[in-house]
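These are the residues of each chain, in order.
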Amino acid sequence: MVVPAAEPSDEALAARAAAGDDAAFEAIVGRYQARVYRLACRLTSDTDAPDVLQETFLLVYRHLPSFRGESQFGTWLYRIASNAALMHRRASARRPAESLDAFLPRFDAQGQHVATPAELQIASRADELLDSRLLAEKARDGIARLPDLYRDAFVLRDLEEMSTADVAHALGLEPATVRQRVHRARLMLRGYLSELVGVKR
Amino acid sequence: MNEIACVSGVELLIDYLEGVLPADLHAALDAHVAGCARCAAFVASYRETPRILREATAATLPAELEASLKAFLRARTPAFKSS
């Protein structure tokens, strides 16, 4: 009986690709292309994502010889993809994003929530209450309206589900800074979801 | 330990959920949320927000894009090696 060989690790593939093995590079592309595309859509837009996808793998190819294994290969690759998305956002003439500050929670003079429990809870049900296509469109809009600094941290931490430590590594930040940015993004987007279903935050 | 107001609890929420607060502060927040229906509701919706946005933005790579990526890279990568 033939025991199937275990899949090579990312790091093993990266070493082979860096040494000029094109099949290993194609295997890396095959392993990560769907994730990079999804990330690119989240960080830029459906229109820009194909370019970000191509640029990311071109950069990965060029920089493979400098991958030293100081972080996991996936974290290293996400850092390249995030930078490619950032370059793209800077290059494209972006409409001025309307701030999401208005969606932050509100408190009275005693520091108590202004909204009622039912109003505060409603964002949890945005996916039940809204048509899924409308929600998909509004979700992209909301994420696009985040300040750039918050968006990167939020997308990697909460949408790509990386650990805070990995996000810190990918973005070159302290974990406490990542937490603060993710927190601000969550507060804004939580209020934004409430507003979408027509309720105060 | 002083009693916590909702506004301070919200400020500390991510550190609370990630378990990086000092134990006494963590316990004070537990006590506040347990007795505050508004904060309990707020925490629930705060925790659900990432999931809702994650599911709403889970784009899948179209087959034609996968093919064009492959063609793009095949056309360019050997050139780098010889350059």
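Every chain's residues receive numbers from 1 upward, in the order its sequence appears when written. Chains and ligands are labelled sequentially in the order written, the chains with letters from A and the ligands with numbers from 1. Predicted model: local features are reported for residues with pLDDT of at least 70 only, side-chain atom pairs are reported and counted for 80 or more only, and whole-chain, interface and lining totals are derived from all residues.

## Considering the overall build of chain B
Next up, step 1: Helix and strand definitions here come from DSSP, where helices need a minimum of 4 consecutive H or I residues and strands a minimum of 2 consecutive E residues; each element is numbered from the N-terminal end. The helix and strand inventory of chain B stands at five helices and zero strands.
Next up, step 2: Whereas a compact globule of 83 residues would reach a radius of gyration of roughly 12 Å, chain B reaches 24 Å, over 25% beyond that.
Next up, step 3: Exposure classes come from backbone-placed C-beta atoms, where a residue is buried if 20 or more other C-beta atoms lie within 10 Å of its own, exposed if 12 or fewer do, and partly exposed in between. With 83 residues in all, chain B has 25% of them scored as buried. Two things to know: the radius of gyration comes from C-alpha atoms, and the globule rule equals 2.2 Å times the number of residues to the power 0.38.

## Focus: the interface of chain B and chain A
Next up, step 1: What counts as a contact is two residues whose backbone-derived C-beta atoms lie within 7 Å of each other. In this complex, chain B contributes 38 residues to the contact, which on the side of chain A involves 45 residues.
Next up, step 2: Contributions of two or more residues to the side of chain B that touches chain A are made by helix 1 (6–11), helix 2 (13–17), helix 4 (37–56) and helix 5 (63–82) of chain B.
Next up, step 3: A total of 15 residues in the side of chain B that touches chain A trace back to one element, the largest contributor, which is helix 4 of chain B.
Next up, step 4: Under the grouping applied here, Gly and all other residues not named as nonpolar or charged are polar, the nonpolar ones being Ala, Val, Leu, Ile, Met, Phe, Trp, Tyr, Cys and Pro and the charged ones Asp, Glu, Lys and Arg. Among the residues forming the side of chain B that touches chain A, the class breakdown is 23 nonpolar, six polar and nine charged.

## A few points about the nonpolar core
All names here are of chain A.
Next up, step 1: Linking buried Ala, Val, Leu, Ile, Met, Phe, Trp, Tyr and Cys residues through C-beta atoms within 7 Å yields a set, and such a set is a nonpolar core. Residues A40, A81 and A153 are the most contacted members of the largest nonpolar core, which totals 74 residues.
Next up, step 2: In terms of residue count, helix 2 (residues 22–43) provides more of this core than any other element does, ten residues in total.
Next up, step 3: Per the annotation, domain bounds derive from an automatic or database assignment of domains. Each of domain 1 (10–91) and domain 2 (101–196) gives at least three residues to this core.

## Section: the environment of H32 of chain B
Residue and element names in this part refer to chain B.
Next up, step 1: Position of H32 relative to the elements: it lies in helix 3 (residues 23–35).
Next up, step 2: Under the C-beta neighbour-count criterion, H32 is labelled partly exposed, with 17 such atoms within 10 Å.
Next up, step 3: For H32, the contacting residues outside a window of four places in its chain are I4, G9 and C39.

## A few points about the packing of helix 8 (residues 148–159) of chain A against helix 9 (residues 164–171) of chain A
Any two packed helices are characterised by how steeply their axes cross, that is the angle between the axes, and by the distance between the axes.
Residue and element names in this part refer to chain A.
Next up, step 1: Axis lines are fitted through C-alpha atoms, for helices just across the contact stretch, and the angle between N-to-C directions can take any value from 0 to 180 degrees. Taken N-terminus to C-terminus, the directions of helix 8 and helix 9 make an angle of 140°; their axes are 9 Å apart at the nearest point. With respect to helix 9, the element helix 8 is oriented oblique. Between helix 8 and helix 9 lies a crossing whose hand is right-handed. Residue-level inspection shows D152, A153, L156 and R157 of helix 8 in contact with helix 9, the latter providing T164, V167, A170 and L171.
Next up, step 2: A class-by-class count of the residues in the contact of helix 8 with helix 9 yields five nonpolar, one polar and two charged. Any angle that is under 35 degrees is reported as roughly parallel, and any over 145 degrees as roughly antiparallel; angles of 65 to 115 degrees are reported as roughly perpendicular and all others as oblique. Handedness of each helix crossing follows the sense of rotation of the near helix against the far helix: counterclockwise by less than a right angle gives left-handed, clockwise gives right-handed.

## Section: the domain arrangement of chain A
Next up, step 1: Domain boundaries assigned for chain A yield domain 1 (10–91) and domain 2 (101–196).
Next up, step 2: Broken down by element, the side of domain 1 of chain A that touches domain 2 of chain A gets its largest block of residues, five residues, from helix 4 (residues 73–91) of chain A.

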